[in-house]
Amino acid sequence: MDHVLLDAFGLDPDVLHLNHGAFGVAPVIVRQAAAAWRERAERNPHRFNRVEVPGLVATARERAAGFLGVDPSRTAWLRNVSEGVSAVLGSLELGPGDELVISTHGYGAVRKALSHHAARTGARVVEAAYPVGAQDDAIVSAYADACSRRTRLVIVDRITSPTATIVPVAAVTAAIAGTGATVLVDAAHAPGQLRDDIPGLGADHWIGNLHKWAYAPRGSAMLWSRPGADVAPNVLSWQLDDGYAPAFDYPGTWDYAGWLAAPDGLAYWSALGGWDTVARLSGLVASGQQRVAEVLGVTLEQLPSAPAPAMRLVSLPGGVLTSPDQVDPLYEALSQRRIEVAPVCFDGVGYLRIAAASYNTEEDYDRLASSVRDLLGR
């Protein structure tokens, strides 16, 4: 690990951190900026919350929207993607027989939200199924085949969480345009990893976390909606009638420090090298994937053909992690060895999802490979 950058991110140097994409981490200087906002709020809480917060939050939103390349008046603050999915679902009038589409690679919490609304309204969840390593045309066909005239909402991952695959969103939206369904892009892992033309993806809504790869404080996410595709915030509060984005800006009394310090995280991302650093990390994690695979004696075949820039899958040896109930024990075994990485079981096959952040080095993947080999007794 790069101990200078590890210190800059405030991470435990005795732990091998190879799962940045899970929850992200704000650099120390960004955490300090959030703490300063928190202290400012406590010095005069009445004026800060009554007078200052609306303008400050709007300014931070404008800066975040600029980073994403979208119109700030159509871009709203959220705590995370799951919150945005709930807002979109809550704004749909669902009935018996309506269909909600998500892929087999979709995020588990999002699937739970769909299932909850389906059970409450008599709708049903339909899966777009495709295997790990599927080509773009197969992914597009899976979504097209899952949609029907009853489809009301389609959730398309920009980068799949369990399998770190880039999904051809624009091609999917074009293929299902005739259904009239609302399309929501789950872009939890995209900000800071993918340089997207968000409106050009052709979706109605796009939701991305700034706290994973863009170094904002945890609890910083953005919902973009195309003009005419309004949804209501989950919390209806004082700014509900002040416009689309402002309606989300003020969910009531809470700690706004993370949102206010989000621009500091985006500035840190740029200072570290921006897209040049993303390209470097892509090379690092690809090399790490190769190194781990060689030690474990596994192939790189049947893995995502369009992997996320800073995330990769490594297959585990045959017979390892063949059911979901084996994931947590393997995670705990690795964590007890001071290694943080994501074990994944998908379609009965075991993988490790590895990541590369600025504080990682090639030696980190050698340590991971050696530890996994020893743990498996191979």
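One can find the structure itself at the top, above this paragraph.
Residues numbered from 1 in each chain as written. Predicted model: local features only at pLDDT ≥ 70, side-chain atom pairs only at ≥ 80, totals over all residues. Heavy atoms only, no water.

Novice: Which residues make up the sheet that holds strand E5 (residues 151–157), and what values go with them?
Specialist: Taking strand neighbours across the sheet as the criterion, the 7 strands line up as E2-E8-E7-E6-E5-E3-E4 in an open arrangement whose pairing is mixed. Each edge of the open sheet is held by one strand with a lone partner, namely strand E2 (75–78) and strand E4 (124–128). Strand-to-strand, the axes of this sheet are offset by a mean angle of 20°, without reference to chain direction. As paired elements, strand E7 (residues 205–209) and strand E8 (residues 221–225) share 5 bridges and run antiparallel to each other. Counted as the bridge partner of Asn 209 is Ala 221 from E8. Running over the sheet, helix H5 (residues 81–90) touches E2, strand E3 (99–103), E5, strand E6 (182–186), E7 and E8 and is turned about 160° from E7. (Pairing = 2+ DSSP bridges. Helix = DSSP H or I, 4+ residues; strand = E, 2+ residues; numbered from the N terminus. Axes fitted to C-alpha atoms, helices over the stretch in contact; angles between N-to-C directions. Contact = heavy atoms within 4.5 Å.)

Novice: Residues and numbers for the pattern of salt bridges, please.
Specialist: A full pass over the atoms with the stated rule returns 16 salt bridges. For Arg 74, the salt bridge goes to Asp 230, with nearest N and O atoms at 2.6 Å. Linking Arg 74 in the loop between helix H4 (45–68) and E2 with Asp 230 in the loop between E8 and helix H9 (244–249), this pair joins segments that are 156 residues apart in sequence. By relative accessible area, Arg 74 is classed as buried at 12%. Among the residues examined, Asp 230 registers a relative accessible area of 48% and is labelled partly exposed. Here Arg 150 and Asp 98 are joined by a salt bridge, their closest N and O atoms 3.1 Å apart. Taken together, the positions of Arg 150 in the loop between helix H7 (136–146) and E5 and Asp 98 in the loop between H5 and E3 put the pair 52 residues apart, joining distant regions of the chain. (Salt bridge = Lys/Arg side-chain N within 4 Å of Asp/Glu carboxyl O. Buried < 20%, exposed > 50% of the residue type's maximum accessible area, 1.4 Å probe, protein only.)

Novice: Lay out the sheet that holds strand E9 (residues 311–315) with the relevant residues and their values.
Specialist: Here 3 strands make up an open sheet; going across it, the order is E9-E12-E11 and the pairing antiparallel. Each having just a single partner strand, E9 and strand E11 (342–346) make up the two edges of the open sheet. Geometrically, the sheet is characterised by an average inter-axis angle of 35° between neighbouring strands, direction not taken into account. Across 5 bridges, E9 lies against strand E12 (residues 349–355) in antiparallel orientation. Its bridge partner being in E12, Arg 312 is matched across the sheet by Ile 354.

Novice: Residue-level account of the pairing of E12, with values.
Specialist: With respect to burial, E12 is a largely interior element, 6 of its 7 residues being buried. Here E11 runs beside E12; their pairing, made up of 5 bridges, is antiparallel. Paired with Cys 345 across the two strands is Gly 350, which belongs to E12. Hairpin connection between E11 and E12: a loop of 2 residues separates the two successive antiparallel strands, and Asp 347 in this loop has a positive phi of roughly 55°.

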